[in-house]
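So you can see what is in the structure, the chains are spelled out below.
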Amino acid sequence: MANPIEQFQIKPIVDLQVAGVNVSFTNSAVMMVVTVVLITAFLTVSVRSRALVPGRWQSMAEVFYEFIANMLRDNVGSEGRKYFPFVFSLFMFVLFGNLLGLLPGAFTFTSQIVVTFVMAAVVFVGVTVIGFVRHGLHFLRFFFPHGAPLATAVILVPIELISYLSRPISLSVRLFANMTAGHIILTILGGFVVSLGAFYLVPGVIPFAFLSAVALLEFGIALLQAYVFTALTCIYLHDAIHMH
Amino acid sequence: MAERDNPPSLEELDARLRAARERERAGRGREERVASAGLGLAMRLAVEFVVGIAVGVAIGWGLDRWLGTRPWLMVLFLLLGGAAGVMNAYRAARGLDDTVGIGAAQRRRTRSEKDN
């Protein structure tokens, strides 16, 4: 049976050392480059005709655009529009990363905590900076509930601070855990199909039915987790912009 | 939109546009958030709780290393992290997790309840 963890192994493709730091071009990096190239190709080629009545590809691109634009408008309001490029890029990167990772043999870079954490950390630092720039030190007042006795600040402020600092981690862990768990389940079920089907054909059909259902579910999760990651980014952005 | 025999008048269009713009400026279409599936919510609460503790321990460990007070700050921040984890899980369950600080979330909740 195939080792379910093996698929997450990072394999260097081009070995690179810069000042003693390993910056090898890995299979994960290949998938990221492929993802970015595919997104860019999809979005530029599909809207090249700039038709007033969109064709099939152009409507697809417009669906993505409108989905994120509506999400930003509903969650952040009109001030959120200038953050559209960032949020849209984030959504497309996570979505394509999740979906391309489901192709057989492809590496899923969103199943790496490093990748999801860096994305979440960029969101977190960015949102915090926006909050401080727009509201100054007023931002800090939110770490203490309004109207609570002042003596409780010693406990409440650290708790709120830890709660705030845990945001990027829970954001990244959610995406990473969902993708990792899904791919492990798929590999294990796939192993069942092969090992049972090799003995008798009929029992192999049962895990295959499960595998098909779970594979379908994984597509749903890939879409949902990209949505959740982006929606939470929008909510945090709303928070930093409207603070009252 | 369905085709109509007579197109809407300019005044009507103008009013509709203004209403749409008003809605956009408010940007508060968030109340009807999609109810997550049970398993997703359970997973989310578990992650929120564990992450709170982990961040607390990490902060305590870091401060201990820096100040040389091992292990006291880690113990203190483990407890604080546990409290933060419980609060995170509570806020996630109650949908109060969309602001910095629980006080602001509760105030917004009461305000939006008053509006409706």
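Use the structure listed above.
This structure is a prediction, so every number in the text was calculated from the model and none was measured. The numbering scheme is per chain: residues are counted from 1 as the chain's sequence reads. Ligands are numbered from 1 and chains lettered from A, in the order in which they are written. Per-residue local features are limited, in this predicted model, to residues with pLDDT of at least 70; the limit for side-chain atom pairs, both in listing and counting, is 80 or more; totals at the level of whole chains, interfaces and linings are taken over all residues. Note that the side-chain values use all heavy atoms of the structure and ignore hydrogens as well as water.

Visitor: What is the right way to look at the overall build of chain B in this model?
Guide: For the purposes of this entry, the term helix denotes a DSSP run of H or I that reaches at least four residues, the term strand denotes a run of E that reaches at least two, and both are numbered from the N terminus. Of regular secondary structure, chain B possesses 4 helices and 0 strands. Across chain B, helices and strands are ordered from the amino to the carboxyl terminus as α-α-α-α. For chain B, restricting intrachain contacts to residue pairs at least 6 apart in sequence, the fraction spanning at least 24 positions comes to 41%. In the form shown here, chain B has an accessible surface area of approximately 8,000 Å², with 63% of it arising from carbon and sulfur atoms. Any two residues whose heavy atoms approach within 4.5 Å are treated as being in contact. Note on areas: these come from Shrake-Rupley sampling with a 1.4 Å probe, and a residue is covered only by the protein chains present in the view.

Visitor: Sorry if this is basic, but what is going on with the packing of helix 2 (residues 56-76) of chain A against helix 3 (residues 84-101) of chain A here?
Guide: The packing of two helices is summarised by the inter-axis angle and the distance between the axes. Residue and element names in this part refer to chain A. Across the interface, helix 2 lies against helix 3 with an axial gap of 10 Å and an inter-helix angle of 125°. Considering the angle they form, helix 2 stands oblique to helix 3. For the crossing formed where helix 2 meets helix 3, the hand is right-handed. Facing helix 2, whose interface residues are Phe64, Tyr65, Phe67, Ile68, Ala69 and Leu72, helix 3 presents Phe84, Val87, Phe88, Phe91, Met92 and Leu95. Ten residue types, Ala, Val, Leu, Ile, Met, Phe, Trp, Tyr, Cys and Pro, are classed as nonpolar, four, Asp, Glu, Lys and Arg, as charged, and the remainder, Gly among them, as polar. By residue class, the composition of the contact of helix 2 with helix 3 is 12 nonpolar, no polar and no charged. Only C-alpha atoms enter the line fits that serve as axes; for helices the fit covers just the stretch in contact. Angles between N-to-C directions range over 0 to 180 degrees. When describing relative orientation, an angle under 35 degrees is termed roughly parallel and one over 145 degrees roughly antiparallel, while 65 to 115 degrees is termed roughly perpendicular and anything else oblique. For a crossing to be left-handed, the near helix must be turned anticlockwise from the far one by less than a right angle; the clockwise case is right-handed.

Visitor: Sorry if this is basic, but what is going on with the nonpolar core here?
Guide: Note that soluble globular proteins tend to have their nonpolar side chains buried in a common cluster. Residues and elements named next belong to chain A. Counting 42 residues, the largest nonpolar core has Met92, Met119, Phe229 and Leu237 as its most contacted members. At the level of elements, helix 1 (27-46), helix 2, helix 3, helix 4 (113-135), helix 5 (153-199) and helix 6 (201-241) are the ones that each hand at least two residues to this core. Ranked by residue count, the leading element in this core is helix 3, at 11 residues. For Met119, the residues in contact, after removing those within four places along its chain, are Leu90, Phe93, Val94, Leu175 and Phe229. For the purposes of this section, nonpolar cores are sets of buried Ala, Val, Leu, Ile, Met, Phe, Trp, Tyr and Cys residues that join through side-chain atoms within 4.5 Å. Only protein chains enter the accessibility calculation, which uses a 1.4 Å probe. A residue is then buried if its area is under 20% of the maximum for its type, exposed if over 50%, and partly exposed in between.

Visitor: How should the interface of chain B and chain A be read in this particular structure?
Guide: Often the size quoted for an interface is simply the accessible area lost on bringing the parts together. If you look at the interface, chain B gives 36 residues, while chain A gives 32 residues. Buried area: the sum, over both parts, of the accessible surface (1.4 Å probe) that disappears when the two are put together. For the pair chain B and chain A, the summed buried surface comes to about 2,800 Å²; carbon and sulfur atoms form 63% of the total. Salt bridge, as used here, is a side-chain nitrogen of Lys or Arg placed within 4 Å of a carboxyl oxygen of Asp or Glu. Where chain B packs against chain A, one counts 2 salt bridges. A salt bridge links Glu48(B) to Arg174(A); its shortest N-O distance comes to 3.5 Å. We define a polar contact as two N or O atoms separated by no more than 3.5 Å, with the added condition that, inside protein, one atom must be a possible hydrogen donor and the other a possible acceptor, whereas residues neighbouring each other in sequence contribute only through side-chain atom pairs. Inspection of the region where chain B meets chain A yields 3 residue pairs in polar contact (both at pLDDT 80 or more).

Visitor: Can you help me understand a positive patch on the surface in this one?
Guide: The patches reported here contain residues having more than 30% relative accessible area and no salt bridge. Joining distances are 9 Å for like charges and 5 Å for nonpolar side chains (Val, Leu, Ile, Met, Phe, Trp, Tyr). All tallies of charge rest on Lys and Arg as positive and Asp and Glu as negative; His and the ends of each chain are not included. Throughout, a charge is located at the NZ atom of Lys, the CZ atom of Arg, the CG atom of Asp or the CD atom of Glu. A cluster of basic residues, Arg141(A), Arg107(B), Arg111(B) and Lys114(B), forms a positive patch on the protein surface. Position of Arg111(B) relative to the elements: it lies in helix 4 (residues 102-115). When its relative accessible area of 36% is taken as the criterion, Arg111(B) is described as partly exposed.

Visitor: Would you explain the pattern of salt bridges in this entry?
Guide: Opposite charge on two side chains makes pairing possible when the charged atoms of those side chains draw close. The tally for this structure, following the rule as stated, stands at 8 salt bridges over all chains. Glu79(A) is the partner of Arg134(A) in a salt bridge, and the nearest nitrogen-oxygen pair spans 3.6 Å. Placement of the pair is Arg134(A) in helix 4 and Glu79(A) in the loop between helix 2 and helix 3, with a sequence separation of 55 residues. With its nearest N and O atoms 3.2 Å apart, the salt bridge here joins Glu48(B) to Arg44(B). Here Arg44(B) and Glu48(B) lie together in helix 2 (residues 38-67), a separation of 4 residues that amounts to about one turn. In this structure, Glu48(B) and Arg44(B) share a single accessibility class: buried. Among the charged side chains, a salt-bridge network with shared partners connects Arg174(A), Arg44(B) and Glu48(B).

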